[in-house]
Amino acid sequence: MPSMATGDGRHFNANNNSNINHPQLKPNLVNDNHKSDFFSRRQKIEQQRRSLPIASVEKRLVQEVRKNDILIIVGETGSGKTTQLPQYLYNGGFCRDGGTIGITQPRRVAAVTVAKRVAEECGVELGQKVGYSIRFEDMTSNSTRIKYMTDGLLLREALLDPYLSRYSVIVVDEAHERTVQTDVLLGLLKGVQKKRSQSYSESNNDHVKANNGTLMKVENNGQAPHLGRRLNPLKLIIMSASLDARGFSEYFGGAKAVHVQGRQFPVDILYTAQPETDCLDAALVTIFQIHLEEGPGDILVFLSGQEEIESIEGLVRENLKKLPEACQKLLILPLFSSLPSEKQLKVFTPAPVEFRKVILATNIAETSVTIPGIKYVIDPGLVKVRSYSPDSGIESLIVVKTSKAQALQRSGRAGREGPGKCFRLYPESRFEGLDDSTVPEIKRCNLSNVILQLSALGVDDIIGFDFMEKPDRMAVIRSLELLYLLGALTDEKKLSDPIGHQMARLPLEPNDSKALILASQFDCLEEMLIVVAMLSVESIFYAPREKLEESRTVIKSFSSPEGDHLTLLNVYRASLEFLEKNKTENGKEKAEKNLRKWCKDNFINSRSLKHARDIYNQIRENVERMGLKIASCGDDTIQLRRCLAASYFLNAALKQPDGTYRVLANGQIAEIHPTSVLRRTKSECIIFYNLVQTTRNYVRNVTRIDYLWLAELAPQCYALKE
Ligand SMILES: Nc1ncnc2c1ncn2[C@@H]1O[C@H](COP(=O)(O)OP(=O)(O)OP(=O)(O)O)[C@@H](O)[C@H]1O
């Protein structure tokens with residue numbers, strides 16, 4: 001077996017397909033001249049489409065969809081499922097009666113980029129025949145017939161149109177990911193399909209009667225009320241490269257599964273000879289190893305979160321400076337979910353001539369996406385996932401090993417435009433021991449949001465809902481309890497009016513939704529919108545290792561003695577003040593640029609801050625539409641802290657004699673996270689936003705409260721002892 005030595009002696013062993021001959025890829029040098037050469041680009045795209053493995057089975061796939069109401073399609077990564085199948089179905093007449101083909105994706109970035117690609121392949125403007133719809137962004141029109149969207153968005157559509165009458169076909173793509181949204185969607189679609197088939201056969205009967213001369217039916221049996229046309233049965237397609245086809249087939253009553261054979265380009269898989277103790281360091285070394293020793297082609301590195309990405313970004317930059325100038329042409333681009341969309345999309349544009357792109361991504365780049373230019377994938381084999389303990393009622397983020405399915409998806413991001421290489425930063429023996437597929441999210445998360453959504457869809461019996469895999473009973477009970485305590489559910493487990501309905505309308509976690517609703521009563525909604533927006537993004541502050549002391553002093557200038565929520569509010573307000581003042585003096589564009597500099601000087605992550613501003617605007621629109629009163633409490637911080645206590649009361653903790661905190665709701669012991677402004681002040685009673693488990697339990701985003709408020713504001717949960 002060939003092995004490849006790195007500068008520091010690291011060895012990668014290639015697996016069996018290592019003897020494939022790799023033609024060297026030219027760097028991706030698409031420049032504006034090429035772009036403007038419309039015809040040659042179209043020709044190239046046509047040629048690419050024809051050479052995809054799925055192209056040879058187009059007719060068969062269309063026939064299978066015609067014959068089967070539910071079809072499971074499994075095909076290698078890059079074989080053309082996501083981009084081609086919807087086009088085949090469109091050409092096969094599945095939109096002829098005005099219906100739309102809807103394709104769901106677990107992630108926003110995939111929905112957007114795939115829709116762009118398919119619009120280009122079809123030679124149409126995005127938003128016309130081909131479009132996408134994601135939370136807060138709708139790029140569709142009445143003429144859209146191929147619509148990419150997130151699974152969460154389709155769930156929200158089902159709230160308004162329980163028949164999903166606009167769709168003739170729904171494709172659930174990347175079903176192997178088994179996100180909570182996908183699992184809820186699968187159960188829901190099963191029901192929708194049944195309702196549509198029933199209503200179709202009833203309306204057929206009515207038509208027969210009418211043809212026989214009996215009375216014509218005038219009710220809208222089988223018709224979409226708003227479309228005024230008869231609904232055909234819904235076609236459902238479940239798709240992935242790494243799917244447990246048997247499990248899905250059983251769930252759908254023995255649905256047919258078809259396998260699309262073949263992949264477009266080979267991907268060479270390389271493993272390390274020994275386990276790595278420091279994954280970040282191993283990734284760093286591998287980036288430079290590829291950059292210095294391998295041929296042209298961009299690099300995609302999978303990391304577990306924003307913090308890891310930012311820390312490795314700094315290290316790459318530092319090390320790059322030590323190289324001869326000719327070797328410094330490396331363009332480093334981060335990609336994570338809380339990055340603003342335009343920044344995310346930057347990774348999809350080609351690097352400047354002679355540069356090599358290094359994309360540092362979380363698992364949002366793991367499925368569906370094609371990032372042009374990627375030839376090398378570095379996979380440390382780790383992923384950050386949600387984990388929920390029904391006993392303690394605490395949800396945390398933990399880093400775990402990926403499954404085989406995820407490793408396969410990651411390597412599949414290379415080999416899409418030419419042969420590729422995937423460097424797995426662990427030995428082959430570890431790969432063999434990985435789980436085949438990821439534990440479905442529904443088995444390991446807090447279910448209160450799912451329950452809220454299902455209740456809004458009229459499903460009150462969550463345990464009885466037709467899930468592919470039932471969630472843990474205890475987790476359901478805990479989540480029901482939480483919703484009940486938040487006042488979202490009635491004693492009969494129905495959505496309460498108005499709180500429950502209002503909470504279901506907000507695209508946020510139940511605690512955050514409740515905080516906004518209560519804030520309108522506490523006359524501090526203006527502030528709470530900012531706080532919720534700031535809490536929705538990762539790491540507002542960043543403290544580079546070499547400037548730790550300086551950054552601490554600067555960050556202190558924003559800190560509030562009351563805690564982190566108010567500190568975040570101070571940062572947001574200070575940045576707005578700076579921006580507004582600058583706008584009047586310098587104009588909008590310059591002001592934004594100056595703000596970035598201001599952020600840098602103040603050790604604030606400008607990306608996160610910008611994202612928080614976007615979220616603020618989006619949720620503000622939501623609460624305005626709901627008619628909530630938006631008032632400001634000004635500097636009356638007590639009002640805001642009382643409102644926080646009234647909303648996050650289950651996250652209240654009391655100081656212990658040893659300086660740790662005991663979470664009142666479950667007795668869990670935790671420490672205040674070192675990044676908190678309350679780390680040293682040690683208040684008697686606090687509320688926190690989240691609890692993270694590393695080597696210890698840490699509470700993050702903490703605010704000081706008066707414990708007497710708990711009994712006053714959350715009497716459903718707390719009472720004062722005599
Ligand atoms: N934005 C793009 N730019 C360039 N080529 C693209 C783009 N999107 C898709 N392609 C080409 O089309 C091929 C098929 O992509 P598609 O997403 O349809 O595959 P898939 O079978 O759905 O893969 P996966 O299971 O990984 O999602 C890619 O391998 C690539 O060659």
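Heads up: the structure comes first, above all this text.
Below is a summary of the structure that appears in this document. (Residues numbered from 1 in each chain as written. Predicted model: local features only at pLDDT ≥ 70, side-chain atom pairs only at ≥ 80, totals over all residues. Heavy atoms only, no water.)

## Some remarks on the nonpolar core
Inference 1: Membership of the largest hydrophobic core comes to 113 residues, with the highest contact counts inside it found for Ile238, Leu516 and Met528.
Inference 2: Here this core takes nine residues from helix 18 (residues 525-535), the largest share from any one element.
Inference 3: Apart from residues no more than four positions distant in its own chain, Ile238 is found in contact with Leu71, Ile72, Ile73, Val172, Ala175, Leu186, Leu243, Phe248 and Phe252.
Inference 4: Of all hydrophobic cores here, the second largest spans 32 residues; its members include Cys95, Ile237, Val258 and Val260. (Core = buried A, V, L, I, M, F, W, Y, C linked by side-chain atoms within 4.5 Å. Buried < 20%, exposed > 50% of the residue type's maximum accessible area, 1.4 Å probe, protein only. Helix = DSSP H or I, 4+ residues; strand = E, 2+ residues; numbered from the N terminus. Contact = heavy atoms within 4.5 Å.)

## Here's the deal with the pattern of salt bridges
Inference 1: Taken as a whole, this structure holds 40 salt bridges when the rule is applied.
Inference 2: Here Arg41 makes a salt bridge to Glu120, at a shortest N to O gap of 2.6 Å. Of this pair, Arg41 sits in helix 2 (residues 38-51) while Glu120 sits in helix 5 (residues 108-122); the two residues are 79 residues apart in sequence, bridging distant segments of the chain.
Inference 3: The exposure class of Arg41 is partly exposed, given its relative accessible area of 28%. (Salt bridge = Lys/Arg side-chain N within 4 Å of Asp/Glu carboxyl O.)

## Topic: the environment of Lys384
Inference 1: By the secondary structure assignment, Lys384 is in strand 16 (residues 382-389).
Inference 2: Owing to a relative accessible area of 28%, Lys384 belongs among the partly exposed residues under this scheme.
Inference 3: Distance in space between the C-alpha atoms of Lys384 and Val316 is 22 Å, their sequence separation being 68 residues.
Inference 4: Beyond its immediate sequence surroundings of up to four residues, Lys384 is in contact with Ser304, Gly305, Glu308, Leu397, Ile398 and Val399.

## Some words on a nonpolar patch on the surface
Inference 1: Side chains of Tyr707, Leu708 and Leu720 sit close together on the surface and give an oily, nonpolar patch of about 310 Å² of accessible area.
Inference 2: Position of Leu708 among the secondary structure elements: in helix 24 (residues 707-713). (Patch = residues over 30% accessible without salt bridge, like charges linked within 9 Å, V, L, I, M, F, W, Y side chains within 5 Å. Areas by Shrake-Rupley, 256 points an atom, 1.4 Å probe, with all protein chains shown as cover.)

## A word on the sheet that holds strand 20 (residues 661-663)
Inference 1: Read around the barrel, five strands follow the order 19-20-21-23-22 and close on themselves; strand pairing throughout is mixed. Between one strand axis and the next, the sheet turns through 50° on average, direction left out of account.
Inference 2: The pairing of strand 19 (residues 652-655) with strand 20 spans three bridges and is classified as antiparallel. Looking at strand 20, one finds that Ala653 is bridged to Val663.
Inference 3: Sitting on the sheet, helix 20 (residues 564-586) is in contact with strand 22 (685-693) and strand 23 (697-704), with an inclination near 65° to strand 23. (Pairing = 2+ DSSP bridges. Axes fitted to C-alpha atoms, helices over the stretch in contact; angles between N-to-C directions.)

## Digging into helix 14 (residues 448-456)
Inference 1: Among the nine residues in helix 14, eight count as buried, and that is most of the element.
Inference 2: Within the span of helix 14, buried status applies to Ser448, Asn449, Val450, Ile451, Leu452, Gln453, Leu454 and Ser455.
Inference 3: Positive backbone phi, approximately 90°, marks Gly458, located one or two places after helix 14.

## A closer look at the packing of aromatic side chains
Inference 1: Enumeration according to the criterion identifies nine aromatic pairs in this entry.
Inference 2: Ring centres of Phe578 and Trp598 lie 5.7 Å apart, and the angle between their planes is 25°; on these two criteria the pair is classed as stacked. Here Phe578 is found in helix 20, whereas its partner Trp598 is found in helix 21 (residues 588-601), with 20 residues between them in sequence.
Inference 3: Residue classification places Trp598 among the buried residues on the basis of a relative accessible area of 14%.
Inference 4: Through pairs of rings, three or more aromatic residues link up here, namely Tyr271, Tyr426 and Phe431.
Inference 5: Sitting above the plane of the Tyr251 ring, Lys190 keeps its charged end 4.0 Å from the centroid.
Inference 6: Directly above the aromatic system of Tyr426 lies the positively charged group of Arg430, at a separation of 4.2 Å from the ring centroid. (Phe/Tyr/Trp six-rings, centres within 6.5 Å; stacked < 30°, edge-to-face > 60°. Lys NZ or Arg CZ within 6 Å of the ring centre and 35° of its normal.)

## Some thoughts on the site of the ligand
Inference 1: Among the 19 residues in the neighbourhood of the ligand, the closest are listed as Lys81, Thr82, Thr83, Arg413 and Arg416.
Inference 2: Residue Arg416 places a main-chain N or O atom 2.5 Å away from an oxygen atom belonging to the ligand.
Inference 3: When the ligand sits alone it has 640 Å² of accessible area, and the protein chains cover 93% of it.
Inference 4: The element best represented in the shell around the ligand is helix 4 (residues 81-91), accounting for three residues.
Inference 5: Its residues placed into classes, the shell around the ligand shows three nonpolar, nine polar and seven charged. (Near = heavy atom within 4 Å. Polar contact = N/O pair within 3.5 Å; in protein donor to acceptor, adjacent residues only side chain to side chain. Nonpolar A, V, L, I, M, F, W, Y, C, P; charged D, E, K, R; others polar.)

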